[in-house]
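Residue-level listing of the chains:
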Amino acid sequence: MDAVVTCLVAAVAVLAVVVVVVRARRRATSRPDGQPAEPPRGPLRLTPGDRVRIRDREYAVSATIRLVEGDWSWVQHLLDDDSGTRHRLSVEDGPELELVLWTAEPGATVTPGAPTIELGGRRYTWAETGQARYTATGETELPSTGTMRYHDYQSGGAARLSFEAYGEEGWRVARGDLLDPADLTIRTTPEAR
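Residues numbered from 1 in each chain as written. Predicted model: local features only at pLDDT ≥ 70, side-chain atom pairs only at ≥ 80, totals over all residues. Heavy atoms only, no water.

## Describing the overall build of the protein
Our working definition: Starting at the N terminus, helices and strands are each numbered in turn, a helix being any DSSP run of H or I of at least four residues and a strand any DSSP run of E of at least two. Think of it in three bands: residues with accessible area under 20% of the maximum for their type are buried, residues over 50% are exposed, and the middle band is partly exposed, with areas taken using a 1.4 Å probe on protein chains only. Residue contacts are defined here by distance: any two heavy atoms, one from each residue, within 4.5 Å place the two residues in contact.
For the protein, the count of helices and strands is one helix and eleven strands. The linear arrangement of helices and strands in the protein, starting from the amino end, is α-β-β-β-β-β-β-β-β-β-β-β. Evaluated residue by residue, the protein yields a buried proportion of 32% over its 193 residues. Within the protein, contacts between residues at least 6 apart in sequence are counted, and of these 47% link residues at least 24 apart.

Given below as structure tokens:
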């Protein structure tokens, strides 16, 4: 009989611990108004109006372009820092998160297709070419849906060169720097939280 009572007391004690742990987790993942807390948004889920700090510069997200090629997808966020220079953050969530900060090179006279390209004293080597469907939201100056062709080049470990053409437009050239996720700090807009 003592063994049954001991087992019963142990079972009640385990059940009490489980209840305490579950309640503590619910409290930790809920807001003061009792609603469940949203997990922090990462770079894939940025929306226009969010602010992003990359290294020592602050940017506002002005638009988002979601791209799909076959079973592969990625996101590009257009960034505004009031300098007048076009910047974008590309986010690829494959086996590892890849973040690249791109800066437009509107005066570049190079065109894609060659195995290597020289630009700004650096030699870039062809990496990939393709065509994707896109959906755009925010201030993109593009139709809300369409297709995009691209040629991507790399130099060294972190330097990138990109050529993109949306619809029938000409090539947009941009140089990119591969980022570490720690280089990025996100501040979402209050209405998006």
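Having put the structure on the table, let's press on.
## As for the side chain of threonine 140
Basically, it comes down to this: Here a polar contact is recorded for every N or O atom pair within 3.5 Å, except that within protein the pair must consist of a potential hydrogen donor and a potential acceptor, and residues adjacent in sequence are included only if both atoms are side-chain atoms.
Within the secondary structure, threonine 140 sits in the loop between strand 7 (122–138) and strand 8 (145–155). Judged by relative accessible area, threonine 140 falls into the buried class, the value being 6%. There is a polar contact of 3.1 Å between the side chain of threonine 140 and the backbone nitrogen of leucine 142. Aside from chain neighbours lying at most four places away, what touches threonine 140 is Ala63, Ile65 and Leu78.

## Re the packing of aromatic side chains
As a reminder, the rule being used: The aromatic pairing rule takes the rings of Phe, Tyr and Trp, using the six-membered ring of Trp, and pairs them if the centres are within 6.5 Å, calling planes under 30 degrees apart stacked, those over 60 edge-to-face and the rest tilted. The rule for a charge over a ring is simple: NZ of Lys or CZ of Arg within 6 Å of the ring centre, and within 35 degrees of the ring normal.
Inspection of every chain in the model, using the stated rule, returns three aromatic pairs. Summarising the aromatic geometry, the rings of tryptophan 74 and tyrosine 150 are spaced 5.8 Å apart at their centres and angled 80° between planes, so their arrangement reads as edge-to-face. Here tyrosine 150 lies in strand 8 and tryptophan 74 lies in strand 3 (residues 72–80), a separation of 76 residues in the sequence. Where tyrosine 153 meets phenylalanine 163, the ring centres are 5.8 Å apart and the plane angle is 75°; that geometry is what we call edge-to-face. Linking tyrosine 153 in strand 8 with phenylalanine 163 in strand 9 (residues 159–166), this pair joins segments that are ten residues apart in sequence. Taking relative accessible area as the criterion, tyrosine 153 reaches 0% and is therefore assigned buried. Between arginine 149 and the ring centre of tryptophan 171, over which it is positioned, the NZ or CZ distance is 4.8 Å.

## Focus on the layout of surface pockets
One water molecule sets the probe size; rolling that probe over the atoms shows where empty space is left. Threshold: Using a 1 Å grid laid over the protein atoms alone, points where a 1.4 Å probe fits but cannot get out form a cavity; open sets with protein on both sides within 12 Å along at least 5 of 7 lines form a pocket; any residue with an atom within 4 Å of a point counts as lining. Grid points are joined across faces, edges and corners, and a volume is the space filled by probe spheres set on the points.
As a volume, the largest pocket reaches approximately 550 Å³. Forming the walls of the largest pocket are 26 residues, and the residues nearest its centre are Leu78, Arg86, His87, Ala104 and Arg172. Taken together, the elements giving at least two residues each to the lining of the largest pocket come down to strand 2 (57–69), strand 3, strand 4 (87–93), strand 5 (97–104), strand 9 and strand 10 (172–179). Looking at the lining of the largest pocket element by element, the count peaks at four residues for strand 3. In this structure, the second largest pocket encloses a volume near 290 Å³. Lining the second largest pocket are 21 residues, with Glu92, Glu98, Trp102, Glu128 and Asp152 positioned closest to its centre. Residue assignment for the lining of the second largest pocket shows that the elements contributing at least two residues are strand 3, strand 4, strand 5, strand 7, strand 8 and strand 9. A per-element tally of the lining of the second largest pocket places strand 8 first, with five residues.

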